[in-house]
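Structural characterization, general
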Amino acid sequence: KRTIPAIYTRRYATDQFKTEARLLHNFQHPNLPRVSDYFAEGDCLYLAMELIEGQNLDQILLANDDQPLPEDEVLNWLYQVMDALSYCHSQKIFHRDIKPANIILTPQGKAYLVDFGIARFSNEGRVTNFLGGTPGFRAIEQISLGGVVDARTDIYSLGATLYLLLTGQVPEDALDRVLVDQLDRPRHLNPSISPRVEAAILRCLQLNPDLRFPDIEQTRFYLTHSNDYFVVRRAILQILTQFPLISRHKSETIIEVFPNNSLKDIVDAAPNGSALFLHSGDY
């Protein structure tokens, strides 16, 4: 005799809808549509929400013949989405279906995150998942029964959205990557993507949630700062780890290196205890 899990029953779905509707009704964020009411009509449940006029990013990409969109424009749109996501996550709401089709851009350039149809709420900041999401944009934990969904699940989808908008190609689905991980690097598909943005996308798209950014704030921080910040941080850490050597050699030198310099010559000539500050670029 089979028992249907409670999560699949109509009563559970109705209770979940009401819980989420109340939460969405209380949402006040400039990049989220306002929900004014929710009600049942026959067998259907409805949300009454603000009409957002504009095109979704999938339509914008299609109008561009699926060619990569400018990085600065894409980041401007996604920064707004990240603001909305950060707000949602602070309320323990996980969207679980972030993709270009669920981001609407108004004629004024304002981005809205829409369609919380499979969003889930958790008092503990994480929720046991059941199958859902869109192929190419869903994290591996969304494909596995019993997988745990949290902020890092949305971060994966955010990375997949960036990947598509900046390369014109949907990333390989997580399920296929488990078998053979052959994800093309974004800069191989579009060399104009900056190295820092490629690094952020690849970190977002890690199959192992522990290897992704832990939250939206750190994701946004990485994207909004140049590589220089992280190189300086590494240089400082290098100095600290070599502190006995620095003290012994009386050297606290940080050597600035640029892509047109000979890195090998500089390393060979650098005094003991010094740290290299590599400006962004290819070496």
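Once that is clear, we can look at the overall build of the protein chain. A count of helices and strands for the protein chain gives 11 helices and 11 strands. Burial statistics for the protein chain: of 283 residues in total, 46% are counted as buried. In the protein chain, the proportion of contacts linking residues at least 24 apart, taken out of those at least 6 apart, comes to 59%. Just so you have it, the protein chain exposes about 15,300 Å², and 52% of that area is on carbon and sulfur atoms.

This part covers the side chain of Glu71. Looking at the element boundaries, Glu71 is found in helix α3 (residues 71-90). Within the buried core, Glu71 has no salt-bridge partner, and the shortest N-O distance to an opposite charge, that of Arg196, equals 4.6 Å. Sequence-distant contacts of Glu71, that is, excluding residues within four places in its chain, are made with Leu166, Ser192, Ile193, Ser194 and Val197.

So, on to the pairing of strand β1 (residues 35-41). Where β1 and strand β2 (residues 44-49) come together, six bridges link them in antiparallel fashion. Within β2, the residue paired with Val35 across the bridge is Met49. In this structure, the hairpin formed by β1 and β2 is closed by a connection of two residues, where Gly42 is found at a positive phi of approximately 65°.

It is worth spelling out the sheet that holds strand β5 (residues 103-105) at this point. Strand order across the open sheet formed by three strands is β3-β5-β6, with antiparallel pairing between neighbours. Where the open sheet ends on each side, the last strands, each with one partner, are β3 (55-56) and β6 (111-113). Where β5 and β6 come together, three bridges link them in antiparallel fashion. For Ile103, the partnering residue across the bridge sits in β6 and is Leu113. Those strands touched by α3 are β5 and β6, and its axis lies near 40° from that of β6.

Let us look at the environment of Lys99. Turning to its location among the elements, Lys99 is positioned in the loop between β4 (93-94) and β5. It is 9.8 Å that separates the C-alpha atoms of Lys99 and Leu165, two residues lying 66 residues apart in sequence. Beyond its immediate stretch of four places on either side in the chain, Lys99 contacts Thr134, Phe137 and Thr161.

Turning to the confidence of the model for the protein chain, a few remarks are in order. Averaged over the protein chain, the pLDDT score is 81; the fraction of residues at 70 or greater is 77%. Averaged over each element, pLDDT in the protein chain is lowest for helix α10 (residues 243-249) (46) and highest for helix α4 (residues 151-167) (97). A low-confidence stretch, residues 1-6 (pLDDT under 50), is modelled with one contact involving residues beyond four sequence positions or located in other chains. Counted against residues more than four places away or in other chains, residues 245-252, with its pLDDT under 50, gives 10 contacts.

Between α3 and α4, whose axes approach to 11 Å, the crossing angle comes to 165°. Between α3 and α4, the crossing angle belongs to the class labelled roughly antiparallel. For the crossing formed where α3 meets α4, the hand is right-handed. Of the residues in α4, those in contact with Glu71, Val74, Leu75, Leu78, Val81, Met82, Leu85 and His89 of α3 are Ala151, Asp154, Leu158, Thr161, Leu162, Leu165 and Leu166.

Looking now at the environment of Arg212. One can find Arg212 in the loop between α7 (195-204) and α8 (216-224). Judged by its relative accessible area of 2%, Arg212 is buried. Discounting residues that sit within four places of it in the chain, Arg212 has contacts with Ala139, Ile140, Glu141, Arg152, Thr153, Tyr156, Arg203, Cys204, Gln206 and Leu207. A polar contact is formed between the side chain of Arg212 and the backbone oxygen of Arg152, at a distance of 3.0 Å.

By size, the foremost hydrophobic cluster in this structure holds 53 residues, and its most contacted members are Trp77, Leu78 and Leu113. At the level of secondary structure, the elements contributing two or more residues to this core comprise α1 (10-26), α2 (57-63), α3, β5, β6, α4, α7 and α8. Examining the composition of this core, we find that 10 residues originate from one element, α3, more than from any other. In contact with Trp77, not counting residues within four places along its chain, are Leu57, Ile60, Leu69, Leu105, Gly109 and Ala111.

It is worth spelling out a nonpolar patch on the surface at this point. Together, Val178, Leu179 and Val180 line one region of the surface with nonpolar side chains, adding up to about 300 Å² of accessible area. Inspection of the secondary structure assignment puts Val178 in helix α5 (residues 174-179). Of the residues examined, Val178 reaches a relative accessible area of 47% and is grouped as partly exposed.

This part covers the packing of α7 against α8. When two helices pack together, their arrangement is given by the angle between their axes and by how far apart the axes lie. Orientation of α7 relative to α8, taken along the N-to-C sense of each, is 160°, at an axis distance of 9 Å. When the axes of α7 and α8 are compared, the pair comes out roughly antiparallel. Residue-level contacts link Arg196, Val197, Ala199, Ala200 and Cys204 of α7 to Thr219, Tyr222, Leu223 and Thr224 of α8. Among the residues forming the contact of α7 with α8, the class breakdown is six nonpolar, two polar and one charged.

Conventions and cut-offs
- Residues numbered from 1 in each chain as written.
- Predicted model: local features only at pLDDT ≥ 70, side-chain atom pairs only at ≥ 80, totals over all residues.
- Heavy atoms only, no water.
- Helix = DSSP H or I, 4+ residues; strand = E, 2+ residues; numbered from the N terminus.
- Buried < 20%, exposed > 50% of the residue type's maximum accessible area, 1.4 Å probe, protein only.
- Contact = heavy atoms within 4.5 Å.
- Areas by Shrake-Rupley, 256 points an atom, 1.4 Å probe, with all protein chains shown as cover.
- Lys, Arg positive; Asp, Glu negative; His and termini not counted.
- Salt bridge = Lys/Arg side-chain N within 4 Å of Asp/Glu carboxyl O.
- Pairing = 2+ DSSP bridges.
- Axes fitted to C-alpha atoms, helices over the stretch in contact; angles between N-to-C directions.
- pLDDT = per-residue confidence, 0-100.
- Parallel < 35°, antiparallel > 145°, perpendicular 65-115°, else oblique.
- Left-handed = near helix turned anticlockwise from the far one by under 90°.
- Polar contact = N/O pair within 3.5 Å; in protein donor to acceptor, adjacent residues only side chain to side chain.
- Core = buried A, V, L, I, M, F, W, Y, C linked by side-chain atoms within 4.5 Å.
- Patch = residues over 30% accessible without salt bridge, like charges linked within 9 Å, V, L, I, M, F, W, Y side chains within 5 Å.
- Nonpolar A, V, L, I, M, F, W, Y, C, P; charged D, E, K, R; others polar.

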